[in-house]
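Structural description and commentary
So you can see what is in the structure, the chains are spelled out below.
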Amino acid sequence: MAKLSIAVSSKDHRQGDPAAPCTLVEYGDYQCPSCGQAYPIVKRVQKHFGKRLSFVFRNFPLSQMHRYAESAAETAEFAAAHDKFWQMHDLLYENQDRLGNELWIELAQELHLASAQLTEALETKEFQPRVKADFSGGVRSGVNGTPTFFINSVRHDGSYDFASLVEAIDQALE
Amino acid sequence: MTILTAGTAAPDFSLRVTPEQKLSLSELRGKPVILAFYPADWSPVCGDQMALYNEVLPEFQSYGAELIGISVDGAWCHAAYAKDHNLHFPLGADFEPKGAVSRSYGAYREGDGFSERALFVIDKSGVITWSYCSPVAVNPGADGILQALEELGK
């Protein structure tokens, strides 16, 4: 049974109460179509459980296969540095069909972030170490593709449709 | 059929890795080697085991290790698959006689006619130090391999 090797901490991007009885961690790739499908499902799951669930997103870009995955992840980390991680995370998934530099700039402007600063951060790979650290920790935890979910630190090997995730989280809450 | 376990000498083989080129395990003596047997090229993309290993390759290489993927697909099939997935490690074609190398590691599924999803870590002297056979439908990830490589360094 694969377990999360890097505990959830204040360094993570988290929605919900850190003291919630259940934490759902997703290792995801912004260009992965399966992650795109999981995105609205996770929203529904969060709504379903309300305060009983907190949600953490960690980067797992398959950059050899997805050419925009790394820069998308770095764009989200740039937004995080300005306290806008989740807005950017959501916008990236909602615009998954048109990833690329033009979109990064457009979304930065939409979130009132300095787009020139974003361009510079991407060029200097300022946020690459953060993304790589997420990836590396994920590999050691047994992440075997995207998306991979962990429920209270245990890898969820079942399907990630709404009913399966709800059932697995219900079990963790028992 | 059960897979070979730690302590066993790794059976040597010579497999076609491109339509023109062969690779022998014995050529890699002196380095740790990871053998990843898998059922077939072209399995679903985001959960694809070889695509994952391609991403983790720099970490494998930081241990000086060489990775070889092995399935019963032919060299031309491997070439197309490797190109499509931008793979940076060799894929051996266990194609003729079909599955012979997989069989020698106990990693062949007779009824199905393809390899198990089996992993082997071999030390620099050619002895298996870790092996793992995953259910065919489950991508075993890379954590076990990294742990085995770490153990080698000790």
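Overview of the structure. (Residues numbered from 1 in each chain as written. Chains lettered and ligands numbered in written order. Predicted model: local features only at pLDDT ≥ 70, side-chain atom pairs only at ≥ 80, totals over all residues.)

1. A closer look at the overall build of chain A
What chain A contains, in helices and strands, is seven helices and five strands. Reading chain A from its N end, one meets helices and strands in the order β-β-α-β-α-α-α-α-α-β-β-α. The C-alpha radius of gyration computed for chain A amounts to 16 Å, which stays within 12% of the reference 16 Å derived for 174 residues, consistent with globular compactness. Expressed as lengths along the three principal axes of its C-alpha atoms, the size of chain A is roughly 50 × 30 × 30 Å. Here chain A holds 174 residues, and 42% of them are scored as buried. (Helix = DSSP H or I, 4+ residues; strand = E, 2+ residues; numbered from the N terminus. Rg over C-alpha atoms; globule rule 2.2 N^0.38 Å. Buried ≥ 20, exposed ≤ 12 C-beta atoms within 10 Å, placed from the backbone.)

2. Details of the nonpolar core
Grouped together as the largest cluster of nonpolar side chains are 85 residues, with contacts concentrated most on A:Ile169, B:Ile34, B:Leu35, B:Ala36, B:Phe37, B:Phe120 and B:Ile145. In contact with B:Phe120, not counting residues within four places along its chain, are B:Ala10, B:Leu35, B:Tyr105, B:Ile128 and B:Ser131. (Core = buried A, V, L, I, M, F, W, Y, C linked by C-beta atoms within 7 Å. Contact = placed C-beta atoms within 7 Å.)

3. Regarding the interface of chain B and chain A
The interface of chain B with chain A comprises 18 residues on the first partner and 16 residues on the second. Residue assignment for the side of chain B that touches chain A shows that the elements contributing at least two residues are helix H1 (49-61) and helix H4 (143-153) of chain B. For the side of chain B that touches chain A, the leading source of residues is H1(B), giving six residues. For the side of chain B that touches chain A, the residue count by class is eight nonpolar, six polar and four charged. (Nonpolar A, V, L, I, M, F, W, Y, C, P; charged D, E, K, R; others polar.)

4. Some thoughts on the sheet that holds strand S3 (residues 53-59) of chain A
Residue and element names in this part refer to chain A. Reading across from one edge, S1-S3-S2-S4-S5 is the order of the five strands in this open sheet, with mixed pairing throughout. Two strands in the sheet have a free side with no partner beyond their single neighbour: strand S1 (13-15) and strand S5 (154-156). Taking each pair of neighbouring strands and ignoring which way they run, the sheet shows an average axis angle of 25°. One ladder, built from three bridges, connects S1 with S3; its direction is antiparallel. In the strand pairing of S3, Gln-15 is matched with Phe-55. Sitting on the sheet, helix H1 (residues 33-49) touches S1, strand S2 (22-28) and S3, and the angle it makes with S3 is about 160°. (Pairing = 2+ DSSP bridges. Axes fitted to C-alpha atoms, helices over the stretch in contact; angles between N-to-C directions.)

5. Some points on unusual backbone geometry
In terms of backbone geometry, most residues other than glycine have negative phi values and most peptide bonds are trans. Here the bond from A:Thr146 into A:Pro147 is cis, since omega is -5°, no more than 30 degrees from zero. Take A:Pro147: it is sitting in the loop between helix H6 (128-140) and strand S4 (148-151). Cis geometry marks the peptide bond from B:Glu96 to B:Pro97, where omega comes out at -10°. Among the secondary structure elements, B:Pro97 is positioned in the loop between strand S5 (91-93) and helix H3 (100-104). With a phi angle near 60°, A:His112 is a residue other than glycine that sits in the positive phi range. Within the fold, A:His112 resides in the loop between helix H4 (101-110) and helix H5 (115-123). Looking at A:His112, the number of C-beta atoms within 10 Å reads 8, which means it is exposed.

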